[in-house]
Amino acid sequence: MNAGIRSLAAALAALPFAALVIASLAFRWTWPDLLPSTWWWEARGEARLPIGWDYVASPAARAWVGLATTATIAGAVTVVGLAIAWPAARVLAHERFRGKAVVETLLLAPLLVPELAIALGLATVAVQVGVAGSWWGVLLAHVVPVLPYLVRTLAAVEVGFDRDLADAARVHGASAWDVLRYLRLPLLAPGVAASALFAFLVSAHVVVVTVLVGQGRVETTATQLFARLGGGGALDPITAAFALLMTLPGLVALVILQRVLRSQTDVAAVSRLARDPGAGADRTRTLTP
Amino acid sequence: MPPGRHTCFRRTPTNGLGTPLRWGALLLAACASAALALAPPPIRADLDHDPAVIEFRDDFLAGDLAWDAVLERARTEGEVRWYHWGGSEDLNTWIESVVVPELAALGVRVQSVRVPDTRDAVDVILADAAVGRGLGRGAVDLVWINGDNFRALDANDLLFGPFADLVPNAVYFNLDESDPAAAVNLRDLGTPTLLRSIPWFAGQYVCYVDGVRLEPEDAPRTFVELEALARERPGRLTYVRPPNYIGTAFVQGAIVEGSGEGVTPFLRDVATLEPAEVARLLRPAFERLRRIEPFLLGGGGDGARGSPVYPPTAPAWERLLAGGEVDMACEDNIFHASLGAERGRLPGSVGTVIFPEGAMRVNKSFLAIPATASNPAAALVLANSLSSLESHLSKLELIGFPLALDTDRLTASQRSEVERRSPDLRGVRYEDLAANAVPDMHASWVGVIDRVWERWIALASDDEFVDVVARALVER
Amino acid sequence: MKRRARVVLGLAPALATLALVFGSALFGSLLQSLGHAPHVGIEEFPTLRHYRDVFTDPATPVALARTLLTALPATLIGSILGVAVGLAWPARRGLAGALAQLPLLVPYVVAVALATLWLAPSGVVSRTLAASGLLESPQAFPRILDGAAPWGVIATLVWKQIPFTALLVASLRSGADRLLDDVAVVFGASRFQRFRYVTWPSIWPAVVAGAVITLAYNLGALEVPLLLDGGTRDTLAVRAWRAYADADVARRPEAMAFAWSMTALALLAAAALLALGRRVFPGDGR
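If you're wondering where the values come from, they're calculated on a predicted model, not measured in any experiment.

Focus: the overall build of chain C
Summing up its helical and strand segments, chain C has 13 helices and two strands in all. Summarising its shape, the C-alpha atoms of chain C cover approximately 75 × 75 × 35 Å along the three principal directions. Nonlocal contacts in chain C, meaning residues at least 24 apart in sequence, comprise 72% of its contacts between residues at least 6 apart. Only carbon and sulfur atoms are counted for the fraction: they give 70% of the accessible area of chain C, which is about 11500 Å². Looking at charge distribution, chain C has the averaged site of its 25 positive side-chain charges lying 13 Å from that of its 16 negative ones.

With respect to the pattern of salt bridges
Applying the stated rule across the entire model yields 61 salt bridges over all chains. The shortest N-O distance in the salt bridge between Arg81 of chain B and Asp141 of chain B comes to 3.7 Å. Residue Arg81 of chain B is found in strand β1 (residues 79-85), and its partner Asp141 of chain B is found in the loop between α6 (118-130) and β3 (142-145); the two are separated by 60 residues along the sequence. In this structure, Arg239 of chain C and Asp57 of chain C form a salt bridge, with 3.9 Å as the shortest nitrogen-oxygen distance. Highlighted residues: Arg239 of chain C in helix α12 (residues 236-245) and Asp57 of chain C in the loop between α2 (49-56) and α3 (59-88), separated in sequence by 182 residues. There is no split in this pair, since Arg239 of chain C and Asp57 of chain C are both buried. One salt-bridge network, held together by shared partners, links Asp210, Arg213, Arg233, Arg236 and Asp327 of chain B.

Observations regarding the interface of chain B and chain C
Chain B puts 26 residues into the contact, and the matching count from chain C is 28 residues. Summed over both sides, the interface between chain B and chain C buries roughly 2100 Å², with carbon and sulfur atoms accounting for 46% of that surface. At the surface where chain B touches chain C, the tally comes to five salt bridges. Notably, a salt bridge pairs Arg239 of chain C with Glu454 of chain B, separated by 3.1 Å at the nearest N-O pair. On inspection of chain B and its partner chain C, the count reaches 13 residue pairs in polar contact (both at pLDDT 80 or more). At the level of elements, α6 and α18 (444-458) of chain B are the ones that each hand at least two residues to the side of chain B that touches chain C.

A short note on the packing of aromatic side chains
This structure, assessed with the given rule, holds 25 aromatic pairs over all chains. Aromatic ring contacts, followed pair by pair, group Phe223, Tyr239, Phe250, Tyr310, Trp317, Phe355 and Trp453 of chain B into a single cluster. It is Arg181 of chain A that lies over the ring of Tyr182 of chain A; its NZ or CZ is 5.0 Å from the centre. Positioned above the aromatic ring of Tyr244 of chain C is the side chain of Arg252 of chain C, whose terminal nitrogen or guanidinium carbon lies 4.3 Å from the ring centre.

A few points about the packing of helix α1 (residues 2-24) of chain A against helix α12 (residues 237-259) of chain A
All names here are of chain A. Contact geometry of α1 with α12 gives a least axis separation of 7 Å together with a crossing angle of 135 degrees. With respect to α12, the element α1 is oriented oblique. Every pair of crossing elements has a handedness; the one defined by α1 and α12 is left-handed. In contact with Phe17, Leu20, Val21, Ala23 and Ser24 of α1, α12 contributes Pro237, Ala240, Ala241, Ala243, Leu244 and Thr247. Of the residues belonging to the contact of α1 with α12, the class tally is nine nonpolar, two polar and no charged.

Side note on the state of the cysteines
Residues and elements named next belong to chain B. Tallying each qualifying case throughout the model produces one disulfide over all chains. A sulfur-sulfur distance of 2.1 Å marks the disulfide that ties Cys207 to Cys330. In this structure the cystine formed by Cys207 and Cys330 twists about its S-S bond by roughly 90 degrees; its chirality is therefore right-handed. Of this pair, Cys207 sits in strand β7 (residues 206-210) while Cys330 is found in strand β8 (residues 328-331), placing the two residues 123 residues apart along the sequence. The pair formed by Cys207 and Cys330 is uniform in burial state, with each residue classed as buried.

Focus on a nonpolar patch on the surface
All names here are of chain C. Together, Leu76, Ile77, Ile80, Leu81 and Trp151 make up an exposed nonpolar region whose accessible area comes to about 500 Å². Per element, the largest residue contribution to the nonpolar patch is four residues, and it comes from α3. With respect to the helices and strands, Leu76 occurs in helix α3. On the basis of relative accessible area, Leu76 is assigned to the exposed category, the value being 56%.

Looking at helix α4 (residues 63-94) of chain A
Its 32 residues give α4 of chain A an end-to-end C-alpha distance of 44 Å, which sits within 8% of 46 Å, the value for a rise of 1.5 Å per residue. By the largest-angle criterion, Ala85 of chain A marks the main kink of α4 of chain A, which is about 30 degrees, and a proline, Pro87 of chain A, follows within four residues.

Remarks on a negative patch on the surface
Side chains of Glu215, Glu217, Asp218 and Glu232 of chain B sit close together on the surface and give a patch of like negative charge. Relative to the elements of secondary structure, Glu232 of chain B occurs in helix α9 (residues 223-232).

Examining the domain arrangement of chain B
Partitioning chain B into structural domains gives domain 1 (5-13 + 39-202 + 363-421) and domain 2 (206-331 + 443-475). Each of domain 1 of chain B and domain 2 of chain B has a C-alpha centre, and these two points are 33 Å apart.

Looking at the environment of Ala285 of chain B
All names here are of chain B. Examined against the element boundaries, Ala285 turns out to sit in helix α11 (residues 275-292). Under the relative-accessibility criterion, Ala285 is labelled buried at 1%. Leave out the neighbours within four places in its chain, and Ala285 touches Ala254 and Ile255.

Structural notes on the nonpolar core
The biggest cluster of nonpolar side chains holds 168 residues, and the ones touching the most others in it are Leu20 and Leu116 of chain A together with Trp241 of chain C. Looking at this core, you find at least three residues from each of domain 1 (28-61) and domain 2 (63-285) of chain A. Beyond its immediate stretch of four places on either side in the chain, Leu116 of chain A contacts Val208 of chain A together with Leu222, Ala237, Ala240, Trp241 and Met262 of chain C. Grouped together as the second largest cluster of nonpolar side chains are 68 residues, Val53, Leu142, Val381 and Leu403 of chain B included.

Some words on the confidence of the model for chain C
Regions with low pLDDT carry predicted coordinates that are not meant to be interpreted in detail. Per-residue confidence for chain C gives a mean pLDDT of 88; residues scoring 70 or more make up 95%. Taken element by element, chain C is modelled with least confidence in helix α9 (residues 175-186) of chain C, mean pLDDT 76, and with most confidence in helix α7 (residues 124-131) of chain C, mean pLDDT 96.

Quick look at the interface of chain C and chain A
Contacts between chain C and chain A engage 93 residues on the former and 89 residues on the latter. Carbon and sulfur atoms supply 78% of the area that chain C and chain A bury against each other, a total of about 8000 Å² over both sides. Area buried by chain C at its contact with chain A is led by Phe22, Leu105 and Arg127 of chain C, which between them contribute 9% of it. For the interface between chain C and chain A, the tally reads 12 residue pairs in polar contact (both at pLDDT 80 or more). Sorting elements by how many residues they give to the side of chain C that touches chain A places helix α1 (residues 2-33) of chain C first, with 17 residues. A per-class count over the side of chain C that touches chain A returns 67 nonpolar, 16 polar and 10 charged.

Here we look at the confidence of the model for chain B
All names here are of chain B. Scored by pLDDT, chain B comes out at a mean of 89, with 92% of its residues at no less than 70. The secondary-structure element of chain B with the lowest mean pLDDT is helix α1 (residues 5-11), recorded at 36, while helix α14 (residues 376-386) shows the highest, at 98. Long-range and interchain partners of residues 1-27, a stretch whose pLDDT sits below 50, account for 30 contacts in this model, where long-range means more than four residues apart.

Notes on the sheet that holds strand β9 (residues 350-353) of chain B
All names here are of chain B. Pairing is antiparallel across the open sheet formed by three strands, whose spatial order is β8-β7-β9. Of all the strands in the sheet, just β8 and β9 have a single pairing partner and so form its edges. The mean angle between the axes of side-by-side strands here comes to 35 degrees, regardless of whether they run parallel or antiparallel.

Quick look at the environment of Ile84 of chain A
One can find Ile84 of chain A in helix α4. By relative accessible area, which is 11% here, Ile84 of chain A ends up buried. Distance from Ile84 of chain A to Glu158 of chain A, taken between C-alpha atoms, is 15 Å for residues 74 residues apart in sequence. In this structure, Ile84 of chain A is in contact with Val143 and Leu147 of chain A together with Pro13, Ala14 and Thr17 of chain C, ignoring residues within four places of it in sequence.

What counts and how
Residues numbered from 1 in each chain as written. Chains lettered and ligands numbered in written order. Predicted model: local features only at pLDDT ≥ 70, side-chain atom pairs only at ≥ 80, totals over all residues. Heavy atoms only, no water. Helix = DSSP H or I, 4+ residues; strand = E, 2+ residues; numbered from the N terminus. Contact = heavy atoms within 4.5 Å. Areas by Shrake-Rupley, 256 points an atom, 1.4 Å probe, with all protein chains shown as cover. Lys, Arg positive; Asp, Glu negative; His and termini not counted. Charge placed at Lys NZ, Arg CZ, Asp CG, Glu CD. Salt bridge = Lys/Arg side-chain N within 4 Å of Asp/Glu carboxyl O. Buried < 20%, exposed > 50% of the residue type's maximum accessible area, 1.4 Å probe, protein only. Buried area = accessible area lost by both parts, 1.4 Å probe. Polar contact = N/O pair within 3.5 Å; in protein donor to acceptor, adjacent residues only side chain to side chain. Phe/Tyr/Trp six-rings, centres within 6.5 Å; stacked < 30°, edge-to-face > 60°. Lys NZ or Arg CZ within 6 Å of the ring centre and 35° of its normal. Axes fitted to C-alpha atoms, helices over the stretch in contact; angles between N-to-C directions. Parallel < 35°, antiparallel > 145°, perpendicular 65-115°, else oblique. Left-handed = near helix turned anticlockwise from the far one by under 90°. Nonpolar A, V, L, I, M, F, W, Y, C, P; charged D, E, K, R; others polar. Disulfide = S-S within 2.5 Å. Patch = residues over 30% accessible without salt bridge, like charges linked within 9 Å, V, L, I, M, F, W, Y side chains within 5 Å. Expected span 1.5 Å × (residues − 1). Bend = angle between axes of the 7 residues up to and from the residue. Domains from an automatic or database assignment. Core = buried A, V, L, I, M, F, W, Y, C linked by side-chain atoms within 4.5 Å. pLDDT = per-residue confidence, 0-100. Pairing = 2+ DSSP bridges.

This is the structure in structure tokens:
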């Protein structure tokens, strides 16, 4: 039975994407045809302007610019986020102090406040500060949804680091640098890398905040797709193609998780988070911004 | 209040003058022509302007600059940031492949900023002004605009000035204030453009059907026929929900037909009318829209409202037609069916129809330069370039955007060139389209109609219709 | 003293950023909702007029009902299915495990694109039914999107949230639990007994925590209902968005008032669910 549920869940998750690929390759795909009656490659010869993937690949579509912007902003957000969140995570993981619960709640708050409410406020603030419509503004704005997630997952990673080990090393004459170089970094690196990867994804997926703070001037793949989607009817090939491009960052992350970070992310390792259910919640929750 | 034309304009909706419409128009015309003779209109003093750019502006608007000097300055500025609705991949491609190289040859780099909604561009201009950025300081140099959005810039004194008759390609436009035929170039949904914007797109509300499911001959020509068709074949029609302009235009068509008085009562500011009068004019259309609702897509059939589906945008409506869910959809472009079929968005069997008969609204949208432009010379050069006959022809031929310039200003050979390069109208004739065209309502009606639709249709309010209208008039 | 400095220095960057960006955003929108929006020419601070407008607007109860009708079933169904999948989650991830995570790794806008493609009356499901002779026209297809009930929105939210809850549950099913489960089997416990007395106590904190977060998200979700629910009944978030996007900038404070009302609803609902979870299962958990 478990195997059945597993296959069902996997099929339900993955099968929809097959239709997306077909939709992106269609030229004319009317009801009730199961497959397009005319494919993109059959029509592209006669088209006076680029159609389907030809358009997506052309500079006019700005698809590549969008992907590059997405990657640059998400990369910068990840770096800034790590720089801010890691020290806080260390403190939360290893120290006890008065008001710790309050601090933890504060750092979790952006998860519980609807993104739209944050976006509407940020849009105005960004105008007043003068960063509206700029990469800087979007970068700063993205730190909000990324931060709570990073703090909690990094705290979970830090909890997993046994400080007795560091003490033992120091007793045996290791310098602070040695501890960092030979103990902390190798032991923490996979967990931190996984955290950073998810932070990157969170930033790449933020829509409403980017639209409102970026004022249409900062085009990421997510905002490009959002602008093309509108209720009702079928999905046109170009929108389908943009949806596929928007799937890319997640697919890359999946491959990295499966191949490179396998040891850190299988269930046994994840279960380490179980000591702190909240951390487990955030670890995955922030993938649904 | 600053002196000059704006003051004149704001005073126009005076009432109690017997025939306010005529008086208003006269007053307006007088104001406008008086203002034209004056020096460049003042620019908002509370903003921080670049003195050099102010000097250029004043010289240019006073007619003291040769076009070569503008070209020279544009080269120095080097770039122009053009904000436009970015939802059409055809337009995006045309800009990148035609406009960008053309301006590059003039030494100007075009940065086309694609906004999901023109309001976003207005937002940027308002935001720049809110932090004191004036001429030579702002982010937007040129914007494709009309209606409410133009009105917002006008109301905030954020337009560069009357440039339209000063660019060389102005020869293609009838900008003579004394000629009634020029109104379509000088009024933007009732707001006088005062030459602060130049026409760029000519819209005409037009509908299309999929001939496989509904023969163009069987398509409704009036809202009376539409109601009959909806009852006969329930669940196969719908329209875009207001306040999307395509949805509002559908409702406006119903109103013009339903009132029985044509478009004339709607050309004046709605604020000059009593709520009871407004309700009288709107009631037939809204009662019809309520009656047909059960027979629309998703409706419950006779007597049951069901859960009617109103698509949010024109492209969504188009997809409903392409997917076989509805039999008729409408757009703001007479060549839409032709282009849709060519690009695969619509089936090859699609045909244009005349609907609503005698109430197909026409209007133009414009290119305007905001009073915060950093590169006004480059903006002028781009606006001029986009107003050339060749530019309009290539836009017509490649992406089916109708000419916004006036064909009676063209030579016979130029006119035959236009004909040759026009896309197919797919089943209708120019003469029929022209014969059924009506001017757009005064912009003040839009907000009222949208709010009445929201209450009376979307929320199915039980209140008296007059009260719904009265509330909408107050909220506006 | 040194430890205290370490605590302060470590927390300062995160808390300062949060206060500057998140705090100022919330404060800014609160001020606007109270009538302070000079950048769009509105200055009547402080006034509760915009909140009064929101609460007396006949559209608000409709929007509230639509919001609840979307968020509550989505959270409930998502949690139940998530637990089912989570309990079946493979100890070692193969291809199935990898694929099942996909919904987590794409944004909601992609989920919207997929829902449109599959669930629209002219979509893939409808075509499949037509191909098997079960459907005559797209109109005959049940209205999953844009319908009387927000099934399409619920389905999309659930699709995204199943792997989320599942991963949470799987992460709590440690080796010890599985051992305990085996012991229970040996002692003849029924499937239900094993779930109730072995599995549930170990996973409920995660299930409640996951449900709290998804509920808060679902109540404030914008993209999915905005793009998939084209009827006449907007959710609170969609109404806030429409008020903000209106060409009339004077409606900005109204949008902010909507956003704040919605935020209050989301926080209250999350707190209520948390309290309910603690009350209903006080003895469970470890």
